[in-house]
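An overview of the molecular structure
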Amino acid sequence: MLSRIAYMVSVALMLVASFWYYPKWKQEKTEATLSWDVSGYYWYLPSIFIYNDLTGQSFKDSILNRYAPTNQDFQQAMKVENGNYVMKYSSGMAVMYLPFFAAAHIMAKPLGYPPDGFSPPYQLAIQLGGILVSILGLWYLRRLLLLYYDDKVVAIALLMLAAGSNYLNYAAIDCGMSHCWLFTLYVLLLLNTHHFYREYKAKHAIRIGLLVGLATLTRPTDILSCMIPLLWGMEGISITSIRERMALLVSRYRLFLLAVACAAPVVAIQLIYWKYASGHWMVYSYGGQEFSWKHPHIYDYTLSYRSGWLVYSPIMVFAFLGLLPFAMRGKNKVAIIAFFLLNYYVVTAWDIWWYGGRAMVQSYPVLMFPIAAAVEVAIERRWLAVIFWPVVLLLTYYNLWLTVQYHGGKLYDSESMTKRYFWRVVGRWSAPEGTIFLRDNADLYEEQPMNSKVIWHASFAQDTGSAYVADTTTHTRYLRLDKDHQESPVYAFAIDRSKGDRLRIEATFRSTEKEWDTWKMTQMIAELTDSKNKNAVVKQNLLRVYRVLNRQETRTIALDMDLPRKPFDSVHVRFWNAGTGVEIHVLDMQAIQFSE
């Protein structure tokens, strides 16, 4: 069967990515399996079973100092009013990690590793757990889709998912994250819901309750998963169909109550933990991170160059394209479409929208129905196939390129992608070094300026103040930025646009160490202002110098600016150390004006 071959190819690709290309369990610090969000999901287990300190967290500093899963910041829990710590993330992932954690804990000491919860056996165990769950989920997804679609359609849809979407990354490399685990829960929920409505057996009701409960325990917003069994089998919304559904719920109420009875104790795990740790049955542990229900970030979440879902996993556009054919010929339309749209709304309403398309991965089993419908239509009509196949192949290549760039490639930056930078590097395997400044700055001139003229120069020879230091070797002075000198003075000079439509600010920097945190990198900032309009800022450009400046290096770095047609008559240049304590020296600078 073609779908079986597609499944085996998909699994092989996942194994290559996980064990050969980027074995994440071998990485350290914030690139390790147990880092960032995963360390937060997992933190319950060492707290309970190794350190017996769920609320005091007296061991946290030793783990942060040794393994640095979130650098040196303790982001896994927050302190509440009674003095205890409460975990940021709910405990569903810890429940699913438990057997893999137990195996690692048993084996760590005999293998010569510290049984501290974060040594290599624990990293490997969680990675293996993730890949096994992903392989299982893909197998049962194939079985599910074969109940509704032809084998050829299922084969194509599986390959589109596994090779062409961001599922590959979260199923094979970042598989410690919650998304591939929830993906498999949704597959099993859909499959058991299908059988429930055919047989109405208690075993399926029990499984549905446990699966919905575990999904909710993992991510509270996934309580939406209950929509699937409640609406399954409905093909339209009308008074008649609603009455029929209500009649079904009444006639089978014992089975539905059984499902609720199985879900409730699973969800109660979190409520009991909150009560134990904080004294309250409900705790909002995400601080200032909230939802904007009235103004969801639909465009930014979906299409922004920073992290847009369809920008970085564009093959999922077939889920939207397939809605019409699925609505016309698909089964269980109300459950699938209602869940898709409501879940999409909830995901986009989260104010931290730049966490990206990963939040949609767990819903991909549902989205595979309209995707399969789109595939079905494409292969039925020859003229559509002529468009379909090149597009799918191109998007698959793009996804493989992105996966490489996520891990080990140098062209993708999850924190500062911009439109111009994206289009300059997309699909390429290398780019000129200066291209990196497009992550900060919309303007870049890569050619050698012709007919250029120096319109301003500063060497700090006459500048005074504690930020300026005499260099005894060269008998000059330089500007010093450090933890006590975060901002430079503003250096201003006049400019006439008729002399050229481009401006380049060049500054020579000398580093002591390198700042790796993007948001703490020293910035060079240039602003065009209009003195006739209360020095209003007409345009601002900046760059982060440590993008190219290395440890103990002296280097001249240029900030380019295309001059707008709006009125302006002066330039203000300044430097900001952005909160870092790393010392950096600015030796001199100049401004060059030229035309392209």
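See the structure shown above.
**Side note on the overall build of the protein**
Within the protein, the secondary structure is distributed over 21 helices and 13 strands. Referenced to the eigenvectors of the C-alpha coordinate spread, the extents of the protein come out at roughly 90 × 65 × 45 Å. Here the protein, with 596 residues, has 54% of them falling under the buried criterion. Counting only contacts in the protein whose residues sit at least 6 apart along the sequence, the fraction spanning at least 24 positions is 75%. Carbon and sulfur atoms form 60% of the exposed surface of the protein, whose accessible area is close to 27200 Å². Averaging the locations of the 57 positively and 47 negatively charged side chains of the protein gives two centres separated by 9 Å.

**Points about the packing of aromatic side chains**
Under the definition given, this model contains 56 aromatic pairs. Ring centres of Y97 and W181 lie 5.3 Å apart, and the angle between their planes is 85 degrees; this geometry places the pair in the edge-to-face category. In this pair, Y97 is assigned in helix 5 (residues 92-108) and W181 in helix 9 (residues 178-199), connecting sequence segments 84 residues apart. Taking the relative accessible area as the measure of exposure, W181 reaches 2% and is therefore buried. Lying across the ring of F74, K60 places its NZ or CZ 5.3 Å from the centre.

**Remarks on the packing of helix 5 against helix 6 (residues 120-146)**
If you want to describe how two helices pack, look at the angle between their axes and the distance between the axes. Interaxial distance between helix 5 and helix 6 falls to 8 Å at its minimum, and their mutual angle equals 145 degrees. The crossing of helix 5 and helix 6 is right-handed. On helix 6, the residues that touch Y97, F100, F101, A104, H105 and A108 of helix 5 are P121, Y122, A125, I126, G129 and L132. Class assignment of the residues belonging to the contact of helix 5 with helix 6 gives a composition of ten nonpolar, two polar and no charged.

**Quick word on the side chain of N343**
As for its placement among the helices and strands, N343 is situated in helix 18 (residues 333-349). Classification of N343 as buried rests on a relative accessible area of 6%. Among residues more than four places away in sequence, those in contact with N343 are L224, M360 and S363.

**What about the side chain of Q57?**
Tracing the backbone through its elements, the reader meets Q57 in the loop between helix 3 (44-49) and helix 4 (60-67). Within the local environment of Q57, its side chain forms a polar contact with the side chain of W43, the two groups lying 2.4 Å apart. Q57 has contacts with W43, S47, F74, Y85 and M87, leaving out every residue within four places of it along the chain.

**Structural notes on the nonpolar core**
In terms of nonpolar packing, the biggest core is built from 128 residues, with L141 and Y364 touching the most fellow members. Tallying contributions element by element places helix 9 first for this core, with twelve residues. Beyond its immediate stretch of four places on either side in the chain, L141 contacts L158, L161, F183, V187, P365 and M368. The next biggest cluster of nonpolar side chains, apart from the first, holds 38 residues, and it includes W456, I495, F509 and F568.

**Side note on the pairing of strand 12 (residues 570-576)**
Judged by how many residues are buried, strand 12 sits mostly within the fold: five of seven residues are covered. Where strand 9 (residues 523-530) and strand 12 come together, seven bridges link them in antiparallel fashion. Paired with M524 across the strands is F575, a residue of strand 12.

**Topic: unusual backbone geometry**
Here the phi dihedral of W36 falls at roughly 45 degrees; this positive angle occurs in a residue that is not glycine. Summarising the element assignment, W36 is placed in helix 2 (residues 36-42). The residue N451 is not glycine, and still its phi comes out positive at about 55 degrees. Residue position: N451 is located in strand 4 (residues 450-458).

**Side note on the pattern of salt bridges**
Taken as a whole, this structure holds 27 salt bridges when the rule is applied. For K201, the salt bridge goes to E199, with nearest N and O atoms at 3.8 Å. Accessibility expressed as a relative area gives 41% for K201, which makes it partly exposed. A salt bridge links E235 to K333; its shortest N-O distance comes to 3.1 Å. With E235 in the loop between helix 11 (227-231) and helix 12 (239-251) and K333 in helix 18, this residue pair connects regions lying 98 residues apart in the sequence.

**Observations concerning empty space enclosed by the protein**
Within this structure, the stated rule accounts for one cavity of 30 Å³ or more. Its boundaries defined by the atoms lining it, the largest cavity holds a volume of some 40 Å³. Per-element accounting of the lining of the largest cavity gives the leading share, three residues, to helix 7 (residues 151-164). Taken together, the residues that form the lining of the largest cavity break down as seven nonpolar, one polar and no charged.

**Here's the deal with helix 20 (residues 382-406)**
For helix 20, spanning 25 residues, the distance from its first C-alpha to its last is 36 Å, which sits close to the expected 36 Å at 1.5 Å a residue. Looking at helix 20, one finds that the buried residues are A385, F388, V392, L395, T396, Y398, N399, W401, L402, T403 and Q405. Of the residues flanking the end of helix 20, it is G408, one or two places downstream, whose phi is positive at about 105 degrees.

**Overview of a nonpolar patch on the surface**
Among the surface-exposed residues, L2, I5, M8, V9 and L159 lie close enough to one another that they form a single nonpolar patch of about 450 Å² accessible area. Looking at the nonpolar patch, the element that brings in the most residues is helix 1 (residues 2-21), giving four residues. Take V9: it is sitting in helix 1. Given the relative accessible area of 46%, V9 is considered partly exposed.

Criteria and thresholds
- Residues numbered from 1 in each chain as written.
- Predicted model: local features only at pLDDT ≥ 70, side-chain atom pairs only at ≥ 80, totals over all residues.
- Heavy atoms only, no water.
- Helix = DSSP H or I, 4+ residues; strand = E, 2+ residues; numbered from the N terminus.
- Buried < 20%, exposed > 50% of the residue type's maximum accessible area, 1.4 Å probe, protein only.
- Contact = heavy atoms within 4.5 Å.
- Areas by Shrake-Rupley, 256 points an atom, 1.4 Å probe, with all protein chains shown as cover.
- Lys, Arg positive; Asp, Glu negative; His and termini not counted.
- Charge placed at Lys NZ, Arg CZ, Asp CG, Glu CD.
- Phe/Tyr/Trp six-rings, centres within 6.5 Å; stacked < 30°, edge-to-face > 60°.
- Lys NZ or Arg CZ within 6 Å of the ring centre and 35° of its normal.
- Axes fitted to C-alpha atoms, helices over the stretch in contact; angles between N-to-C directions.
- Left-handed = near helix turned anticlockwise from the far one by under 90°.
- Nonpolar A, V, L, I, M, F, W, Y, C, P; charged D, E, K, R; others polar.
- Polar contact = N/O pair within 3.5 Å; in protein donor to acceptor, adjacent residues only side chain to side chain.
- Core = buried A, V, L, I, M, F, W, Y, C linked by side-chain atoms within 4.5 Å.
- Pairing = 2+ DSSP bridges.
- Salt bridge = Lys/Arg side-chain N within 4 Å of Asp/Glu carboxyl O.
- 1 Å grid on protein atoms, 1.4 Å probe; cavity = no way out; pocket = protein on both sides within 12 Å on 5 of 7 lines; lining within 4 Å.
- Points joined across faces, edges and corners; volume = space filled by probe spheres on them.
- Expected span 1.5 Å × (residues − 1).
- Patch = residues over 30% accessible without salt bridge, like charges linked within 9 Å, V, L, I, M, F, W, Y side chains within 5 Å.

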